[in-house]
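Here is what each chain is made of, one letter per residue.
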Amino acid sequence: MAYRITLIPGDGTGPELAEVTAKVVEATGVKIDWEIAQSGVDIMEKEGTPLPQSTLDSIKKNKIALKGPITTPIGSGFRSVNVAIRKELDLFSCVRPCKTYIGVKSKYENIDLAIVRENTEDLYAGVEYVQNSPEALEIIKLSQNKIRENSAISIKPISAFGSERIVRYAFEYALRCGRRKVTAVSKANIMKYTDGLFYKTAREVAKDYEGKIEYEERLIDNMCMQLVQKPHFYDVIVLPNLYGDILSDLCAGLVGGLGVAPGANMGKDIAVFEAVHGSAPKYKGLNKVNPTALILSAKLMLEHIGETSAAFRLEKAVADVIAEKKRTTYDLGGVAGTKEMAQAIIDKLK
Ligand code: NAD
């Protein structure tokens with residue numbers, strides 16, 4: 001029987017990436033009945049919303065989605081659809097494995113670590129007040145003038161509940177994937193209440209895994225330097241939302257760039273798989289960008305549904321194509337387009 005899975009092509013380069021990824025997944029032999037659901041700037045023009053209810057309903061019904069990237073206008077326009085999907089479906093954990101593949105140009109070799117980012121709280125909670133709004137003025141008053149007049153304000157909520165479930169997720173992920181260590185990252189020396197709560201909760205959770213998984217803490221600024229200097233020291237890294245977002249791109253850089261960095265947004269019973277990269281709109285329709293990140297996200301999806309053998313073969317096919325360097329995209333030093341690289345992966349799977 002075929003799996004019914006929601007496919008969100010997204011916008012920018014998303015639709016061309018989603019199209020080839022679906023074909024690659026098909027080539028593994030796993031039968032998938034894709035339910036196409038729209039989201040992003042193109043559907044916004046037609047339906048007046050970048051995230052139609054029908055798209056959310058489709059994900060809720062099927063419980064699994066593969067999603068292309070979606071553009072977020074900066075400073076104005078609609079709020080991030082990506083953030084809205086994660087919040088709406090309570091996809092509290094964003095898992096981003098970072099692994100070096102032979103053939104990808106990178107300053108480092110043999111990196112294999114995973115970022116586990118909290119997805120629903122922190123400065124991404126969407127609690128923001130416009131400059132001079134009554135709420136902003138009230139908060140300025142409450143702050144006893146620690147905040148300057150005319151400030152716009154974003155609130156950073158970190159809860160014990162949210163911290164507990166993301167840190168526990170990170171430890172369970174570490175156990176499941178045969179990993180040895182979890183590093184909790186924050187800036188608790190400065191944000192004593194919010195990040196302090198994250199650490200306090202993490203230490204409590206870590207006690208349940210004593211003797212099985214090692215636990216340690218790093219401050220975010222130090223962690224950035226450590227990752228650049230000695231990334232091999234790290235294994236599973238768990239962070240609140242904003243630090244997790246930033247460190248995900250840093251780690252993508254360690255393993256050769258956004259073109260090869262996959263991701264998964266996991267909730268209690270819903271999972272949405274997507275690349276770390278965005279919609280790269282300047283390359284839209286040019287058949288240029290690397291499909292690897294979305295294809296490796298589909299590999300995580302296959303693992304999630306229990307198709308581990310297909311997932312293994314898919315990753316091997318991707319690794320072989322990258323290592324051969326004959327049919328890869330520009331970012332990997334090749335001249336192949338999106339479709340040609342995807343076809344090379346399909347040829348390996350035959
Ligand atoms: P981006 O990731 O789209 O692109 C930055 C640069 O990285 C590109 O110009 C390109 O040089 C390179 N790149 C990205 N993907 C690549 C690929 N598959 N192959 C080869 N090179 C690739 O980041 P951006 O330009 O900051 O963001 C564009 C839009 O995407 C923004 O609106 C942003 O909000 C949105 N975004 C969406 C998601 C998501 O859908 N989950 C994630 C990040 C950004």
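Model, not experiment: these values are computed from the prediction.

Remarks on the overall build of the protein
Here comes step 1: Per the secondary structure count, the protein includes 12 helices and 12 strands.
Here comes step 2: When burial is assessed residue by residue, the protein has 55% of its 350 residues classed as buried.
Here comes step 3: A separation threshold of at least 6 residues defines the contact pool for the protein, and within that pool the share at least 24 residues apart is 73%.
Here comes step 4: Of the roughly 16400 Å² that the protein leaves accessible, carbon and sulfur atoms contribute 54%.
Here comes step 5: Between the centroid of the 47 positive side chains of the protein and the centroid of its 44 negative side chains there is a distance of 3 Å.

With respect to the sheet that holds strand S12 (residues 271-274)
Here comes step 1: Overall, mixed pairing links the 10 strands, which are arranged S2-S1-S3-S12-S11-S4-S5-S10-S8-S9 in an open sheet. Single-partner strands in this sheet number two, and they are strand S2 (32-36) and strand S9 (214-219). Taking the axes of each pair of neighbouring strands and ignoring which way they run, one obtains an average angle of 25 degrees across the sheet.
Here comes step 2: Relative to S12, strand S3 (residues 64-67) runs parallel, the two being bridged by four bridges. Residue pairing for S12: Lys-67 is matched across the bridge by Glu-274.
Here comes step 3: Packed on one face of the sheet, helix H8 (residues 220-229) meets strand S5 (112-118), strand S8 (181-186), S9 and strand S10 (236-239) and runs near 105 degrees to S9.

Here's the deal with the pattern of salt bridges
Here comes step 1: A full pass over the atoms with the stated rule returns 27 salt bridges.
Here comes step 2: For the salt bridge of Arg-165 with Asp-90, the shortest nitrogen-to-oxygen distance reads 2.8 Å. In this pair, Arg-165 sits in helix H6 (residues 160-176) while Asp-90 sits in the loop between helix H4 (81-88) and strand S4 (93-99), placing the two residues 75 residues apart along the sequence.
Here comes step 3: Residue Arg-165 is classed as buried on the basis of its relative accessible area, which comes to 16%.
Here comes step 4: Asp-235 serves as the salt-bridge partner of Arg-180, at 3.9 Å between the closest nitrogen and oxygen.

Quick word on the site of the ligand
Here comes step 1: The environment of the ligand is made up of 22 residues, and the closest members are Ile-70, Thr-72, Gly-278, Ala-280 and Asn-290.
Here comes step 2: Residue Gly-278 places a main-chain N or O atom 2.6 Å away from an oxygen atom belonging to the ligand.
Here comes step 3: Computed on the free molecule, the ligand has an accessible area of 810 Å², of which 71% lies beneath the protein chains in the complex.
Here comes step 4: The residue makeup of the shell around the ligand, split by class, is nine nonpolar, eight polar and five charged.

Remarks on the packing of aromatic side chains
Two descriptors summarise a pair of aromatic rings, namely the distance from one centre to the other and the angle between the planes of the rings.
Here comes step 1: Tallying each qualifying case throughout the model produces four aromatic pairs.
Here comes step 2: With a centroid separation of 6.2 Å and an interplanar angle of 35 degrees, the aromatic rings of Phe-171 and Tyr-215 are classed as tilted. Separated by 44 residues along the polypeptide, Phe-171 in helix H6 and Tyr-215 in strand S9 bring together distant segments of the chain.
Here comes step 3: Here Tyr-215 falls in the partly exposed class, since its relative accessible area comes to 23%.
Here comes step 4: Through a chain of ring-to-ring contacts, the aromatic side chains of Phe-171, Tyr-209 and Tyr-215 assemble into a single cluster.
Here comes step 5: One cation-aromatic arrangement involves Arg-176 over Tyr-169; the distance from NZ or CZ to the ring centre is 5.9 Å.
Here comes step 6: It is Lys-181 that lies over the ring of Tyr-234; its NZ or CZ is 5.1 Å from the centre.

Here we look at the pairing of S2
Here comes step 1: The sheet contact formed by strand S1 (residues 3-8) and S2 spans five bridges and is parallel. Along S2, the bridge assignment pairs Leu-7 with Ile-36.

Here we look at the nonpolar core
Here comes step 1: Core analysis: the biggest nonpolar cluster contains 85 residues, and Trp-34, Leu-227, Ile-237, Val-238, Phe-273 and Ile-345 have the highest contact counts within it.
Here comes step 2: Setting aside residues no more than four positions away along its own chain, Trp-34 makes contact with Ile-5, Leu-7, Ala-22, Val-25, Leu-66 and Met-301.
Here comes step 3: Formed by 13 residues, the second largest nonpolar core is a distinct cluster that contains Ala-37, Leu-56, Ile-85 and Val-272.

What about the environment of Asp-90?
Here comes step 1: The exposure class assigned to Asp-90 is partly exposed, which follows from its relative accessible area of 34%.
Here comes step 2: For the pair Asp-90 and Ala-271, spaced 181 residues apart in sequence, the C-alpha to C-alpha distance is 9.8 Å.
Here comes step 3: Those residues within four positions of Asp-90 in sequence are excluded, and the remaining contacts are Thr-120, Arg-165 and Gly-267.
Here comes step 4: For Asp-90, the side chain forms a polar contact with the side chain of Arg-165, separated by 2.8 Å.

Quick look at the packing of helix H10 (residues 292-304) against helix H11 (residues 308-324)
Here comes step 1: Look at H10 against H11: their axes get within 7 Å of each other, and the N-to-C directions meet at 160 degrees. Overall, the two elements H10 and H11 adopt an arrangement that is roughly antiparallel. Viewed along their axes, H10 and H11 form a crossing whose handedness is left-handed. Of the residues in H11, those touching H10 at Thr-292, Ile-295, Leu-296, Lys-299, Leu-302 and Glu-303 are Thr-308, Ala-310, Ala-311, Leu-314, Glu-315, Val-318 and Ile-322.
Here comes step 2: Partitioned by chemical class, the residues of the contact of H10 with H11 number eight nonpolar, two polar and three charged.

Procedures and definitions
- Residues numbered from 1 in each chain as written.
- Predicted model: local features only at pLDDT ≥ 70, side-chain atom pairs only at ≥ 80, totals over all residues.
- Heavy atoms only, no water.
- Helix = DSSP H or I, 4+ residues; strand = E, 2+ residues; numbered from the N terminus.
- Buried < 20%, exposed > 50% of the residue type's maximum accessible area, 1.4 Å probe, protein only.
- Contact = heavy atoms within 4.5 Å.
- Areas by Shrake-Rupley, 256 points an atom, 1.4 Å probe, with all protein chains shown as cover.
- Lys, Arg positive; Asp, Glu negative; His and termini not counted.
- Charge placed at Lys NZ, Arg CZ, Asp CG, Glu CD.
- Pairing = 2+ DSSP bridges.
- Axes fitted to C-alpha atoms, helices over the stretch in contact; angles between N-to-C directions.
- Salt bridge = Lys/Arg side-chain N within 4 Å of Asp/Glu carboxyl O.
- Near = heavy atom within 4 Å.
- Polar contact = N/O pair within 3.5 Å; in protein donor to acceptor, adjacent residues only side chain to side chain.
- Nonpolar A, V, L, I, M, F, W, Y, C, P; charged D, E, K, R; others polar.
- Phe/Tyr/Trp six-rings, centres within 6.5 Å; stacked < 30°, edge-to-face > 60°.
- Lys NZ or Arg CZ within 6 Å of the ring centre and 35° of its normal.
- Core = buried A, V, L, I, M, F, W, Y, C linked by side-chain atoms within 4.5 Å.
- Parallel < 35°, antiparallel > 145°, perpendicular 65-115°, else oblique.
- Left-handed = near helix turned anticlockwise from the far one by under 90°.

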